[in-house]
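# Analysis of the macromolecular model
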Amino acid sequence: MSSKPVVLIAEELSPATVDALGPDFEIRHCNGADRAELIPAIADVDAILVRSATKVDAEALAAANKLRVVARAGVGLDNVDVSAATKAGVMVVNAPTSNIVTAAELACGLLVATARNIPQANTALKNGEWKRNKYTGVELSEKTLGVVGLGRIGVLVAQRMSAFGMKIVAYDPYVQPARAAQMGVKLLALDELLEVADFITVHLPKTPETLGLIGDEALHKVKPSVRIVNAARGGIVDEEALYSALKEGRVAGAGLDVYAKEPCTDSPLFELDQVVCTPHLGASTDEAQEKAGIAVARSVRLALAGELVPDAVNVQGGVIAEDVKPGLPLAEKLGRIFTALAGEVAARLDVEVYGEITQHDVKVLELSALKGVFEDVVDETVSYVNAPLFAQERGVEVRLTTSSESPDHRNVVTVRGTLSSGEEVAVSGTLAGPKHLQKIVAVGDYDVDLALADHMVVLRYEDRPGVVGTVGRILGEAGLNIAGMQVSRAEEGGEALVVLTVDDTLPAPVLAEIATEIGATSARSVNLV
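Below you will find a few notes about this structure. Quick caveat: nothing in here was measured; it's all calculated off a predicted structure. (Residues numbered from 1 in each chain as written. Predicted model: local features only at pLDDT ≥ 70, side-chain atom pairs only at ≥ 80, totals over all residues. Heavy atoms only, no water.)

### So, the overall build of the chain
Under the convention used in this document: The helix and strand labels rest on DSSP assignments: H or I over at least four residues marks a helix, E over at least two residues marks a strand, and numbering proceeds from the N terminus. Atoms counted for the radius of gyration: C-alpha only. Globule rule: 2.2 Å times the number of residues to the power 0.38. Buried residues are those whose accessible area, probed at 1.4 Å on protein chains only, stays under 20% of the maximum for their type, while exposed residues exceed 50% and partly exposed ones sit between those limits. Note on contacts: a residue pair qualifies if any of its non-hydrogen atoms lie within 4.5 Å across the two residues. Accessible surface area values rest on a Shrake-Rupley calculation with a 1.4 Å probe, where residue burial reflects the displayed protein chains alone. Under this rule, positive means Lys or Arg and negative means Asp or Glu; His and the chain ends count for nothing. The atoms used to mark charge sites are NZ of Lys, CZ of Arg, CG of Asp and CD of Glu.
In terms of regular secondary structure, the chain is built from 17 helices and 22 strands. Relative to the globule expectation of 24 Å for 529 residues, the C-alpha radius of gyration of the chain, 31 Å, shows a markedly less compact shape. Across its three principal axes, the chain shows a C-alpha extent of roughly 105 × 55 × 40 Å. In the chain, which comprises 529 residues, the share counted as buried stands at 48%. Contacts in the chain between residues far apart in sequence, at least 24 positions, make up 63% of those at least 6 positions apart. With an accessible surface of roughly 25,000 Å², the chain has 49% of that area assigned to carbon and sulfur atoms. The positive charge centre, built from 48 side chains, and the negative charge centre, built from 72, are 7 Å apart in the chain.

### What about the pattern of salt bridges?
Under the convention used in this document: Only one rule defines a salt bridge in this text: a Lys or Arg side-chain nitrogen within 4 Å of an Asp or Glu carboxyl oxygen.
Using the criterion set out here, one finds 29 salt bridges in the structure. In this structure, the salt-bridge partner of R35 is E59, at a minimum N-O distance of 2.6 Å. Note that R35 is positioned in helix α2 (residues 35–41) and E59 in helix α3 (residues 58–63), a separation of 24 residues in sequence. Since its relative accessible area comes to 25%, R35 is described here as partly exposed.

### With respect to the sheet that holds strand β16 (residues 424–432)
Within a sheet, neighbouring strands are paired by backbone hydrogen bonds and run either parallel or antiparallel to one another. Formally: Two strands pair if DSSP finds at least two bridges between them. A fitted line through C-alpha atoms represents every axis, and for helices the fit uses only the stretch in contact; the resulting angles, taken between N-to-C directions, go from 0 to 180 degrees.
Read from one edge to the other, the open sheet built from 6 strands follows the order β14-β13-β15-β16-β17-β18, with strand pairing classed as mixed. Edge positions in the open sheet fall to β14 (397–403) and β18 (446–451), since each of these has one partner strand only. Strand-to-strand, the axes of this sheet are offset by a mean angle of 20°, without reference to chain direction. Pairing analysis gives 6 bridges linking β16 to strand β17 (residues 437–443), with the strands arranged antiparallel. Bridge assignment links A432 to a residue of β17, and that residue is L437.

Purely geometric stuff here, so don't read any function into it on its own.
This is how it looks when you write it as structure tokens:
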């Protein structure tokens, strides 16, 4: 049996995908489109790589006992149940930028093809027909192109088609007019765009709001000479309404790469000579497939190494600054220490980050701390994906506080929680030196300075002589070696706190004996392994 993490490749991917994964994984293959083959194959794998034919739904996720990552080598996630994956603690990643150039180029190709009737003329000539007059087209130069959706692909199309001498207008409620103006694009309301555009190209995600956006009502507002291209998502352009508009002469032509139901081989639109159709080729170039495969392979490597992934769609955090990354394991350990000290789930949890590190986005440290908080609370595997769900299900209010001020340390992370009784528990840590040594620097109001270890003990008691000796004697009799110790107190004779690191797990009877002997008001054992 291999001890390597298992990666299941469920569809044909670029050979560069396997190369990018490297030698650290056991690679298996299956036909993901065949459910009878997929369900048993997914049972014991750590990651699965798919394209669009494999449905990773609730059934498949339930059958996957070890699955940590679903990687879609492309942009869309219609075939992945992201909600079910999140509940199962499975990270979902895709390759959001892998095909933007390829998709934009296809949209431009469809625009040119619909303007000049290129496919129709090609077919006629190959059938022995010389029909120059029938396939007379129109120029793109000085025509108005309406871009519906000015995202990354829409912008690329606008840039490329402006080189043809086209005037570019766009509809996108999420883009500021000033930003559009910088690109030489005029923003319009959708109705205005429909009225003035000679060509319309759609570049929107498929959502309940965009489904059928270009429908019967919209197609009664366009010029009869308009040509419409959809290389984004099927269903944004209503196919029945488009067919009627083409048949009635209210639309001059269309270029389609996507359809409401796919595969699609029998649409009435295919019968119309003024329609140019392709079978969802938007991402179908060697370059795009290679980029997608390499991107998700890298994401899988990061995810299986326990790191956050910039392209994860169901994890908050995004790109992590290099200065922030060393703080992730520290924040997670502080979360585990907090839970051990609190002995319960907090009603409110504050993750506080202080120091130079706050010049970066440190939201990910909150997520890491939250992962640690629930690590020893729930039976399920806790991940960056489902940790926020555990907090939500338990009614825990989570807040992140940041400040560039940190008087005692370069950077400090504090996990502070309010318990149901109103008691507050807090633990703080920092990274020291070039090797990023993890240290605990405070427990509540008590300052300490001790390197974190796998096994720790935190005791509160009334300050008096002999306590440290008593603790040492009991641990010695139990055969447990003290690796480090830090004692802190507010005042002589008041409450004192001691933090010890020991070489092995402290058995509960030994901890109970220590607590009894020294009259501890609190005695907690912390195990980080």
